[in-house]
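Chain by chain, the residues:
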Amino acid sequence: MNNTRVGELQAREKWKPRIEMKVYHLIPSERGNYCVCSVLQAIFKGHGIEISQDEIAGRLTPITERAFYVDDENMDLFMLEMGFDYTYFPHNATPFNEPDMLLGEMIENHGFLGVNNHAYLLENFKDPELTLINPEDGSRTRKHIRDMLVKMRKGKGGFGLIKKLD
């Protein structure tokens, strides 16, 4: 390859948008049903907002002793009051039926995946692989998007897209 071609490639590389993998400081769920509270706490902490999992739980609507609603008015209002735009997408209702596009937007911002009343913090997405943080114990796991979509269909899961308001 000649020097001109190398220079062109280097110049193009500089203009490519880079999405850095976020570093989340997740505190594992402090109670059995606090997975979503743990996920939200980690996102807020990344923006300098200190709030306890109990405070978050107090603002959400419980479904059962094991879970909270993530697609109701209380969640929307709470997120707005905390300075975030929040949209929930059921697994079968992603924009343009393209979950990979939604996952890309979640990586640019923040997000979680819900499966069987359990939320996983999305740390990274490099199609087709997801890196998820499990709030039960803070462990990281890699999953193929197809496998997660199958689990989401069986467990009526969905995607939570979270954007910081300016």
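Each remark here, short or long, concerns the structure printed above.
Residues numbered from 1 in each chain as written. Predicted model: local features only at pLDDT ≥ 70, side-chain atom pairs only at ≥ 80, totals over all residues. Heavy atoms only, no water.

Novice: What exactly am I supposed to notice about helix α4 (residues 73–81) here?
Specialist: Note on helix geometry: an α-helix contains 3.6 residues per turn, so any two residues three or four positions apart are oriented the same way. The set of residues buried in α4 consists of M75, F78 and M79. What you see down the axis of α4 is that its buried residues fit within an arc of 95 degrees, all on one side. Within α4, the exposed residues directed more than 90 degrees away from the buried face are E73 and L80. G83 sits one or two positions beyond α4 and adopts a positive phi of about 95 degrees. (Buried < 20%, exposed > 50% of the residue type's maximum accessible area, 1.4 Å probe, protein only. Helix = DSSP H or I, 4+ residues; strand = E, 2+ residues; numbered from the N terminus. Arc of directions from axis to C-beta.)

Novice: Whenever I open this one, the layout of surface pockets confuses me. Can you help?
Specialist: When its volume is computed, the largest pocket comes out at roughly 270 Å³. In this structure, the largest pocket is lined by 21 residues; those nearest its centre are I63, F68, V70, Y88 and N117. Sorting the residues of the lining of the largest pocket by element identifies α2 (35–46), β2 (67–68), β4 (110–115) and β5 (118–126) as the ones contributing at least two each. Counting residues per element, the lining of the largest pocket draws most heavily on β4, which supplies three residues. A per-class count over the lining of the largest pocket returns eleven nonpolar, eight polar and two charged. (1 Å grid on protein atoms, 1.4 Å probe; cavity = no way out; pocket = protein on both sides within 12 Å on 5 of 7 lines; lining within 4 Å. Points joined across faces, edges and corners; volume = space filled by probe spheres on them. Nonpolar A, V, L, I, M, F, W, Y, C, P; charged D, E, K, R; others polar.)

Novice: Which parts of the structure should I look at to understand a negative patch on the surface?
Specialist: On the surface, D71, E73, D76 and D85 cluster together into a patch of negative charge. Along the chain, E73 falls in helix α4. (Patch = residues over 30% accessible without salt bridge, like charges linked within 9 Å, V, L, I, M, F, W, Y side chains within 5 Å. Areas by Shrake-Rupley, 256 points an atom, 1.4 Å probe, with all protein chains shown as cover. Salt bridge = Lys/Arg side-chain N within 4 Å of Asp/Glu carboxyl O. Lys, Arg positive; Asp, Glu negative; His and termini not counted. Charge placed at Lys NZ, Arg CZ, Asp CG, Glu CD.)

Novice: Explain α2 here, please?
Specialist: Its twelve residues place the ends of α2 17 Å apart at the C-alpha level, agreeing with the 16 Å of an ideal helix rising 1.5 Å per residue. The buried fraction of α2 amounts to ten of the twelve residues, a majority that puts the element mostly inside the structure. Among all positions of α2, only C35, V36, C37, S38, V39, L40, Q41, A42, I43 and F44 are buried. Once α2 ends, the next one or two residues include G48, with phi positive near 80 degrees. (Expected span 1.5 Å × (residues − 1).)

Novice: I keep staring at the nonpolar core and nothing clicks. Help me out?
Specialist: Nonpolar side chains in soluble globular proteins tend to end up buried together. Counting 29 residues, the largest nonpolar core has L40, F44, L60, F78, M79 and F112 as the members making the most contacts within it. When contributions to this core are tallied by element, the ones reaching two or more residues are α2, α3 (53–59), α4, β3 (84–90) and β5. In terms of residue count, α2 provides more of this core than any other element does, eight residues in total. Ranked by size, the runner-up nonpolar core spans 18 residues in total, among them L103, M106, F159 and L161. (Core = buried A, V, L, I, M, F, W, Y, C linked by side-chain atoms within 4.5 Å.)

Novice: Any chance you could explain the sheet that holds strand β8 (residues 158–164) here in plain terms?
Specialist: Paired through backbone hydrogen bonds, the strands of a sheet run either parallel or antiparallel to each other. Taken together, the six strands give an open sheet; going across it, the order is β3-β8-β4-β5-β6-β7, and neighbouring strands pair in antiparallel fashion. Strand pairing shows two members of the sheet lacking a second neighbour, β3 and β7 (139–144), which therefore form its edges. Pairs of neighbouring strands in the sheet enclose a mean axial angle of 30 degrees, with direction left out of account. Judged from the four bridges that link them, β4 and β5 form a sheet pairing that is antiparallel. Bridge pairing links V115 to H118 in β5. In the packing of α4 onto the sheet, the strands contacted are β3, β4 and β8, and the crossing angle to β3 comes to about 150 degrees. Its contacts with the sheet place helix α6 (residues 145–154) against β4, β5, β6 (129–134), β7 and β8, and it is angled at close to 95 degrees to β7. (Pairing = 2+ DSSP bridges. Axes fitted to C-alpha atoms, helices over the stretch in contact; angles between N-to-C directions. Contact = heavy atoms within 4.5 Å.)

Novice: What's the story with the state of the cysteines in this structure? I'm lost.
Specialist: Here a disulfide denotes one covalent bond, and it connects the sulfur atoms of two cysteines. Counted according to the given criterion, the structure contains zero disulfides. With no disulfide partner, C35 has as its closest neighbouring cysteine sulfur the one in C37, 7.7 Å distant. C37 gets classed as buried once you look at its relative accessible area, which sits at 0%. (Disulfide = S-S within 2.5 Å.)

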